[in-house]
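Remarks on the overall topology
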Amino acid sequence: TPAGGAITVNLAAGQVITTADFGLNIPTSYTLTKVLNTEPPIRTGQPISYTIRVTNTGKTTIVSLPLTDIYDPNFLSYGYAGQFAAPPSQDTVDDGRIDWPDLTVSFGQPLAPNLGFALVVTFTAIRDTNDLPGQTVTNTAEAHDAVAEALGLDVLPEVGAEEAPEDAPLTPAA
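Residues numbered from 1 in each chain as written. Predicted model: local features only at pLDDT ≥ 70, side-chain atom pairs only at ≥ 80, totals over all residues. Heavy atoms only, no water.

1. Focus: the nonpolar core
We apply this condition: We call a set of buried residues a nonpolar core when its members are Ala, Val, Leu, Ile, Met, Phe, Trp, Tyr or Cys and they connect through side-chain atoms within 4.5 Å of each other. Note on classification: 1.4 Å probe, protein chains only; a residue is buried when its accessible area is under 20% of the maximum for its type, exposed when over 50%, partly exposed between these limits. A run of H or I in DSSP becomes a helix once it reaches four residues, and a run of E becomes a strand once it reaches two; helices and strands are each numbered from the N terminus.
I48, L65, L67, W100, L103, V121 and F123 are the most contacted members of the largest nonpolar core, which has 27 residues in total. Sorting the residues of this core by element identifies strand 1 (30-36), strand 3 (47-56), strand 6 (76-78), strand 8 (97-100), strand 9 (116-125) and strand 10 (140-143) as the ones contributing at least two each. Of the residues forming this core, the biggest block, five residues, is contributed by strand 9.

Below, the structure written as structure tokens:
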């Protein structure tokens, strides 16, 4: 935009201009974090929980926000004593992948700028990680195909968060 803040553009029928910003390019972004809630050391058979937080850091409202949590089913089992995730995931199949098709539906509202959604996901430790390099397994959350509403709908880039490996060593039950 020029120093005066105004721009005049005359277009002929069928003509396109891609070099002028008419104020429709509103910054849209979000952050995704995943934090281990359970204090190590974690023994096999014990519960493990993570908090996944998505925060709208942009200036538009997010109207669709799918989320996937990927874990290694050789070391973690989805759920513990009937607790799985809050809000509930699409299914409770223990297959290494947990899906929420749209967090705005799960939470009953779009995600406005400067606000966030927090989910708690619970697992059971099922195998010792002491023989692995770093004694840890990777547990990753990823938001994908998010849609923001400004004056139109924009698909946002994929964002992922990986739990720091040193935070979740599993050790055999004593």
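2. Digging into the pattern of salt bridges
Oppositely charged side chains can form a pair if their charged atoms are brought close together. Test applied: Between Lys or Arg on one side and Asp or Glu on the other, a salt bridge is scored when a side-chain nitrogen of the former is within 4 Å of a carboxyl oxygen of the latter.
Enumeration over the complete set of coordinates arrives at two salt bridges. With a shortest N-O distance of 2.5 Å, K34 and D69 are connected by a salt bridge. Residue K34 is located in strand 1, and its partner D69 is located in strand 5 (residues 67-70); the two are separated by 35 residues in the primary sequence. Take K34 and D69: they sit in the same class, and that class is buried. Across the salt bridge formed by D99 and R97, the nearest N and O atoms sit 3.1 Å from each other. Taking relative accessible area as the criterion, D99 reaches 18% and is therefore assigned buried. A relative accessible area of 40% places R97 in the partly exposed class.

3. A word on the packing of aromatic side chains
The line we're drawing: Pairing of aromatic rings covers Phe, Tyr and Trp, the last counted by its six-membered ring, and requires centre-to-centre distances within 6.5 Å; plane angles under 30 degrees mean stacked, over 60 mean edge-to-face, and any other angle means tilted.
Following the criterion strictly, the structure yields five aromatic pairs and no others. Aromatic side chains Y50 and F123 sit 5.9 Å apart centroid to centroid with 80° between the ring planes, which places their arrangement in the edge-to-face category. Placement of Y50 in strand 3 and of F123 in strand 9 is noted, with a sequence separation of 73 residues between them. Residue classification places F123 among the buried residues on the basis of a relative accessible area of 0%. Measuring from centroid to centroid gives 4.3 Å for F107 and F117, while their planes differ by 5°, and the two rings are stacked. Residue F107 is found in the loop between helix 1 (103-106) and strand 9, and its partner F117 is found in strand 9; the two are separated by ten residues along the sequence. Look at F107 and you get partly exposed, because its relative accessible area is 30%. On the accessibility criterion, F117 (2% relative accessible area) is buried.

4. Quick notes on unusual backbone geometry
Of the consecutive residues A86 and P87, the connecting peptide bond is found in the cis state with omega at 0°. With respect to the element layout, P87 can be found in the loop between strand 7 (85-86) and strand 8. The backbone of N114 sits at a positive phi, close to 70°, despite the residue not being glycine. Relative to the elements of secondary structure, N114 occurs in the loop between helix 1 and strand 9. Among the residues examined, N114 registers a relative accessible area of 66% and is labelled exposed. Despite not being glycine, D145 shows a phi value in the positive range, around 55°. Here D145 lies in the loop between strand 10 and strand 11 (147-149).

5. A word on the confidence of the model for the protein
Here is the rule: Known as pLDDT, the predictor's per-residue confidence is scaled from 0 to 100. In this analysis, two residues are considered to be in contact whenever any of their non-hydrogen atoms come within 4.5 Å of each other.
Confidence in the prediction of the protein, expressed as mean pLDDT, is 80, and 74% of residues score 70 or more. Note on residues 163-174: pLDDT under 50 across the span, and 42 contacts to partners over four residues away in sequence or across chains.

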